[in-house]
Amino acid sequence: MIKKPFLLLYILFSCISNAQEEKNFNIRYQNYLKGDIHFIANSIIGKKSGKNANEPYNKTNSNAKLNDQVDMVYIDIDQDPETFSSSSAILEPIHPNDKVIFAGLYWCATFPDRNNAIQPINKISIKTPQSENYLTIEGSILYDSKEHNKHTTNTPYLCFSDITNQIKKNPWGTYTVANIQASQEKIEGGSAAGWVLYVIYESDSKPYHIISLYDGFSYIYNKPVEINFKEFITPKTGKIIPKLTVAALEGDLNIEGDNLRINTPNTKKWFYISNSLRDGQNIFNSKITHYNADFTKRTPASLNTLGYDVFLDKIQTKELSFSDIDQVNLKISSLGDKFYVTNIGFSIEIDEDFARKKIDSTSSNTHPITQNNLQISKQKKILNPIDTDTTHKTIIKLPSTKNNRKPKEIKTYLFNSTVAPEGYYIIANAYQNIHYAHDFANKINSKTIQPFIFKNPDNQLYYLSLKHYKSQTAAEKAYYNNINNTYFQEYWIAKIQHPNTPLQTSYKNKTRFEKEISTIKINKSNTILKQGYYLVSNVFEIPTNATKYVTFLKKQGLKASFFINPINNYYYTYLKYYTDLEKIKADYSSNYNNLFFDEYWIMQVTLE
């Protein structure tokens, strides 16, 4: 964490008008500091050459085909059988002693054929300079057109993960990003996919800047998107050169009409942004560039990325002066090429006295402004990592902190007693090969960590549990305190229940503790669920287990049922549906009129 005070502002530093946003742009990170913004990036699919697209594709003349005219396949450079796609890039410091204070990883792709999905789109792998092996990442889904029934032909999506803690000790070197899923067939508009790692760095070699990184998802065609960068004052004299970075999906090399324009309060005229590699009327042309040069420190270093664009450029025009101003306006538009903008970053030198006053006025704050776009707001039970993770490579130790665990949903498994005793298990990972599970168990075995390995009969994977608890309360306490501050890698809680185990007959003379109501927002066109409240007792990934459990509850005289959550496709068993919040709260507190004493919680479903 940076030792200087950060600026936490509660106002939005930009406004967006006339936009066609599928998801509005929001500030992901914003700060005043001596430093700047940088990125590395690469595509993840390309023109087929043999079995893959590992060879750079460098055709950039007017005869170069579009991505919907060539056979597109995964790039996969690492020769690792556990990855199906992979590409790399090298991050180097701009100045000696640069310090990375924020690192945000984004990945996006067109992916219409979700029936062939290997894993959730927000799950990928990354190998960093700080790690010898792959780290499994489960990011946030910032936008998925499948959930909104839009762009059904190519079905693009965008995901994000803050990996600052995983790389800040040793950020410089090669990054390999793997297992990003994308379409490979010829589709209307073309297949495209890639990743970008944005870093904000602190440097004594730089003057004070305001640095802003936005993310969203905007379809650009016909109507422009305008963004106004505000809340700064530049020096009154001197040559001020702002920097702009934009990432986009589906920009085509030989389709023109896409452009970026800029102005300031001093002039009403809009000026086109361009350089020697990016024409003012074809700014998104399937390239990854730093200023006036192709970014080639990546593998493969294709000069034509066939539909994935990222650039960082200095804004220099003879007509505009950026000294003594407090606003810069950006307009993105197109009358030809159709594409999706996913990221916008802006950096400009600011007046030093202004910067110091801003920092001093917020010296009590400890974090810069950030925006986390969470899809589901829940209680202690929320989406857990994928249990089908087969990698044996997640061995990166996370920082020691008691409060960095995010709530994750506890899923229930119906296993016979021969698999594992009933209770709650903190699961570190799942393996295809039991030897890897034993190797890791031997490394972490201690008085506090008591590894236990069991085989999941549903998927034939070997689960490594760190510790077993009889009650959910004890398991959740251990989850949030990092098992008494002894284990800081990723894990999740799994509940194991034996089929036909009798229900509890009392709640041990204790009243139920009130829990935060879990809330999910669903597009009404994507579900048959009714809006209201559900008294949920379990979550299952396997549909037959949900059916078995509901049948079991009905035999106990309960009118139970289940529904499918379209956001994660898990099966939620519930005791009753309600439209009255006070009624469900009363039934929750009374152990469902003294009929049900196992764990349950209230879930609210809102239809949009």
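Our subject is the structure listed above.
Every value quoted in this text rests on a predicted model; they were computed, and no experiment measured them.

Asker: An account of helix α7 (residues 543-555) is requested, with residue identities and associated values reported.
Answerer: With 13 residues, α7 extends 19 Å from end C-alpha to end C-alpha; this agrees with the ideal 18 Å at 1.5 Å per step. Those residues of α7 lying buried are N545, A546, Y549, V550, F552 and L553. Seen end-on, α7 carries its buried residues on one side only, within an arc spanning 160°. Facing away from the buried side of α7 by more than 90 degrees, the exposed set consists of K548, K554 and K555. Buried residues along α7 sit in contact with β25 (411-414), β29 (492-497), β31 (532-540), β32 (561-565) and β33 (570-578). Within two residues after α7, G557 carries a phi angle of roughly 90°, on the positive side.

Asker: Please provide a residue-by-residue account of the nonpolar core, values included.
Answerer: L105, W107, W195, L197 and Y198 are the most contacted members of the largest nonpolar core, which totals 66 residues. At 9 residues, the largest contribution of residues to this core is made by strand β6 (residues 99-110).

Asker: Which residues make up the pattern of salt bridges, and what values do they have?
Answerer: This model, assessed by the stated rule, comprises 11 salt bridges. A salt bridge links E352 to R356, with the shortest nitrogen-to-oxygen separation between them at 2.9 Å. Linking E352 with R356, this pair stays in helix α3 (residues 352-361), spanning 4 residues, or about one helical turn. Judged by relative accessible area, E352 falls into the partly exposed class, the value being 40%. Taking relative accessible area as the criterion, R356 reaches 38% and is therefore assigned partly exposed. The salt bridge involving K411 is made with E541; its shortest N-O contact spans 3.1 Å. With K411 in strand β25 and E541 in the loop between β31 and α7, this residue pair connects regions lying 130 residues apart in the sequence.

Asker: Residues and numbers for the sheet that holds strand β34 (residues 601-607), please.
Answerer: Ordered in space as β30-β34-β31-β33-β32, the 5 strands form an open sheet in which the pairing is mixed. Both edges of this open sheet fall to β30 (518-522) and β32, since each of them pairs with a single strand only. Averaged over all pairs of adjacent strands, the angle between strand axes in this sheet comes to 45°, irrespective of strand direction. Across 5 bridges, β32 lies against β33 in antiparallel orientation. If you follow S561 over to β33, its bridge partner there is Y574.

Asker: Before we move on, could you go through the side chain of N179 and cite the residues and values that matter?
Answerer: Tracing the sequence through the fold places N179 in the loop between β11 (173-178) and β12 (193-202). Within the structure, N179 has its side chain in polar contact with the backbone nitrogen of F84 (distance 2.9 Å).

What counts, and where the lines are drawn
- Residues numbered from 1 in each chain as written.
- Predicted model: local features only at pLDDT ≥ 70, side-chain atom pairs only at ≥ 80, totals over all residues.
- Heavy atoms only, no water.
- Helix = DSSP H or I, 4+ residues; strand = E, 2+ residues; numbered from the N terminus.
- Expected span 1.5 Å × (residues − 1).
- Buried < 20%, exposed > 50% of the residue type's maximum accessible area, 1.4 Å probe, protein only.
- Arc of directions from axis to C-beta.
- Contact = heavy atoms within 4.5 Å.
- Core = buried A, V, L, I, M, F, W, Y, C linked by side-chain atoms within 4.5 Å.
- Salt bridge = Lys/Arg side-chain N within 4 Å of Asp/Glu carboxyl O.
- Pairing = 2+ DSSP bridges.
- Axes fitted to C-alpha atoms, helices over the stretch in contact; angles between N-to-C directions.
- Polar contact = N/O pair within 3.5 Å; in protein donor to acceptor, adjacent residues only side chain to side chain.

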